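Tertiary structure, described
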Amino acid sequence: MSKQEWIIAGVLCLMVAATAWIVRAAPGDDWQRDPIRMAYSPLHFKPAILQATDAECLACHREVLEDKPRAASPAGLQAAEARAWYQQASTYSGEQESFHRRHLVTPYAQQVMNLKCNTCHEGHDPRDEAQGTSATGPGQDDRGFVLRKQVNPETSCLKCHGQMPWKNMALPGPWTDFAQDFGNSCLDNCHEKIRTTRHQVSYLKAEAIEAAGRRDSEVCYGCHGGRPWYRTSYPYPRHAWPDMPRKTPDWAAGRPTESEERFRTTPAARTFKP
Ligand code: HEC
Ligand code: HEC
Ligand code: HEC
Ligand code: HEC
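Between side chains of opposite charge, pairing is possible as soon as their charged atoms come close. Enumeration according to the criterion identifies ten salt bridges in this entry. Among the salt bridges present, the one from Lys68 reaches Glu95, with a minimum N-O distance of 3.9 Å. Of the two residues, Lys68 is situated in the loop between helix 5 (63-66) and helix 6 (99-104) and Glu95 in the loop between helix 5 and helix 6; the sequence distance between them amounts to 27 residues. Given a relative accessible area of 53%, Glu95 falls into the exposed group. For Arg101, the salt bridge is made with Glu97, and the minimal N-O distance between the two is 2.7 Å. With respect to burial, Arg101 and Glu97 carry one shared label: buried. Within this structure, Lys68, Glu95, Glu97 and Arg101 form a network of salt bridges that share partners.

Right, here's the structure in full:
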């Protein structure tokens, strides 16, 4: 080959190498390494998110179950010695844990609950975290408004962190004031017979809850008023129970009579009909 041919061949080789390098580095080639593109993973959106397994989410997000709170605050307060007001229920135990671990992996969480990532996470669009940014995004009507939240608290947290609606139950006052009068039990005399069709949802362990609630009313009260983040209570579905009064009280008018479909464990036809 002449000198000229060598130069042309060399330039061609360089071009091939450069093209290969550009193609390799392009985001489309290996999107699983590009955080911006992963944020648009189909798993972050409906419908895929509703079918997602925890393992699929944890493949990218294992930090949510691995991270632990600091042992001490920057000011020196020892986490092990701090107990917040919502950590006073008798069911609370163990060292301080992260929010996700408290709901998914701690012993009490595993005893009474069966939460999954998509129990709370129903999808989030990085473009649509502000209201009115697209025709389909949140903020187009009041119901869709979940500004900058990746989870809708009214349809998740409120279920287990609302107030106890003691007036609806015709109790004389808040549970903490009158628990002793009821033998410190939600079951004896009351929920053994009233609203007995309960917790038939995939994210709760219904039998374990009854067993634990029999030993300690703070099990029931914990989720039904004992650690409230809200001034309201959740409008629970009102399932029929044996000996249910025929007349629906005013506060229950318009309540659903079945749990949300995506969580139901009992086919509608098999739940008790009065
Ligand atoms: C392919 C990897 C991948 C998978 C699978 C994945 N994610 Fe993500 N997720 C990401 C990345 C990357 C981000 C953006 C992180 C950032 O920019 O801070 C993100 C962001 C998030 C955020 C925060 C959004 C925000 O705007 O701050 C939540 C919540 C989330 N993911 C939940 C989930 C859930 C629940 C699942 C399973 C249904 C899931 N992810 C599956 C990679 C993934
Ligand atoms: C009890 C409800 C609940 C469950 C169950 C849950 N999350 Fe979250 N998650 C939240 C809330 C609330 C936030 C904070 C959202 C916000 O800031 O708007 C959050 C935040 C996140 C974030 C953002 C980064 C962070 O750590 O704050 C990721 C990622 C995430 N969750 C992934 C997961 C994965 C993966 C699972 C399943 C293993 C899971 N979540 C289960 C409620 C839940
Ligand atoms: C299915 C019931 C349930 C749902 C839904 C739920 N929680 Fe909880 N939450 C609990 C229980 C039970 C505890 C107490 C666990 C314990 O004592 O070990 C708890 C504890 C907490 C704590 C205290 C954690 C700690 O370590 O002290 C916070 C904060 C919290 N929840 C916030 C939320 C938020 C925010 C949501 C909605 C995204 C939510 N929870 C949804 C049942 C639930
Ligand atoms: C881990 C949290 C948790 C604990 C513990 C718990 N509950 Fe619930 N309870 C819930 C949730 C969530 C629902 C709504 C389920 C649904 O949508 O069907 C509910 C629903 C109910 C309802 C409505 C019944 C109906 O018609 O559907 C009653 C009554 C009730 N609980 C009583 C109790 C009693 C009594 C105990 C103690 C033995 C108890 N709960 C313990 C979370 C809890």
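Turning our eyes to something else, we now look at the coordination of the iron atom of ligand 2. Coordination of the iron atom of ligand 2 by the protein involves His100 (NE2) and His121 (NE2), with metal-donor separations of 2.0 to 2.1 Å. For the iron atom of ligand 2, the six donor atoms in the first shell make angles of 89 to 179° at the metal, so the coordination geometry reads as octahedral. Here His121 lies in the loop between helix 8 (117-120) and helix 9 (157-161) and His100 lies in helix 6, a separation of 21 residues in the sequence. Given the relative accessible area of 26%, His100 is considered partly exposed.

Moving on, we come to the confidence of the model for the chain. Detailed reading of the predicted coordinates is not advisable wherever pLDDT is low. Taken over all residues, the pLDDT of the chain has a mean of 87, while the share at 70 or more is 85%. Highest mean pLDDT in the chain belongs to helix 7 (residues 107-112) (98); lowest belongs to helix 1 (residues 3-25) (82). Of the regions scoring below 50 in pLDDT, residues 139-145 engages in eleven contacts with residues more than four places distant in sequence or in other chains.

Distances from the iron atom of ligand 3 to its protein donors, His103 (NE2) and His161 (NE2), fall at 1.9 Å. For the iron atom of ligand 3, the six donor atoms in the first shell make angles of 86 to 179° at the metal, so the coordination geometry reads as octahedral. Taken together, the positions of His103 in helix 6 and His161 in helix 9 put the pair 58 residues apart, joining distant regions of the chain. We classify His103 as partly exposed; its relative accessible area is 23%.

Core analysis: the biggest nonpolar cluster contains 13 residues, and Val112, Met113, Leu115, Val201, Tyr203 and Leu204 have the highest contact counts within it. Among the elements that line this core, the one with the most residues is helix 7, at three residues. Among residues more than four places away in sequence, those in contact with Leu204 are Val112, Met113, Asn114, His199 and Ile209. Judged by nonpolar contacts, the second largest core, of seven residues, contains Met164, Trp175, Cys186 and Cys220.

By volume, the second largest pocket amounts to about 1200 Å³. In this structure, the second largest pocket is lined by 49 residues; those nearest its centre are His191, Arg195, Arg198, His224 and Tyr236. Only helix 7, helix 9, helix 11 (187-191), helix 12 (206-215) and helix 13 (217-226) provide two or more residues apiece to the lining of the second largest pocket. A per-element tally of the lining of the second largest pocket places helix 13 first, with five residues. In terms of residue class, the lining of the second largest pocket is built from 30 nonpolar, eleven polar and eight charged.

Evaluation of the coordinates by the stated rule reveals seven aromatic pairs. A ring pair is formed by Trp85 and Trp229, whose centres lie 5.2 Å apart and whose planes are at 70°; its orientation type is edge-to-face. Placement of the pair is Trp85 in the loop between helix 5 and helix 6 and Trp229 in the segment after helix 13, with a sequence separation of 144 residues. Residue classification places Trp85 among the partly exposed positions, given a relative accessible area of 48%. Here the aromatic rings of Tyr86 and Trp229 are separated by 4.9 Å at their centres, their planes lie at 65°, and the arrangement is edge-to-face. Placement of the pair is Tyr86 in the loop between helix 5 and helix 6 and Trp229 in the segment after helix 13, with a sequence separation of 143 residues. Owing to a relative accessible area of 43%, Trp229 belongs among the partly exposed residues under this scheme. Three or more aromatic residues link up through ring pairs in this structure, and these residues are Trp85, Tyr86 and Trp229.

Parameters and conventions
Residues numbered from 1 in each chain as written. Chains lettered and ligands numbered in written order. Predicted model: local features only at pLDDT ≥ 70, side-chain atom pairs only at ≥ 80, totals over all residues. Heavy atoms only, no water. Salt bridge = Lys/Arg side-chain N within 4 Å of Asp/Glu carboxyl O. Helix = DSSP H or I, 4+ residues; strand = E, 2+ residues; numbered from the N terminus. Buried < 20%, exposed > 50% of the residue type's maximum accessible area, 1.4 Å probe, protein only. Donors = N, O, S within 2.8 Å, 3.2 Å for Na, K, Ca; no water. Tetrahedral: all angles 85-135°; square planar, octahedral: opposite > 155°, others 65-115°. pLDDT = per-residue confidence, 0-100. Contact = heavy atoms within 4.5 Å. Core = buried A, V, L, I, M, F, W, Y, C linked by side-chain atoms within 4.5 Å. 1 Å grid on protein atoms, 1.4 Å probe; cavity = no way out; pocket = protein on both sides within 12 Å on 5 of 7 lines; lining within 4 Å. Points joined across faces, edges and corners; volume = space filled by probe spheres on them. Nonpolar A, V, L, I, M, F, W, Y, C, P; charged D, E, K, R; others polar. Phe/Tyr/Trp six-rings, centres within 6.5 Å; stacked < 30°, edge-to-face > 60°.

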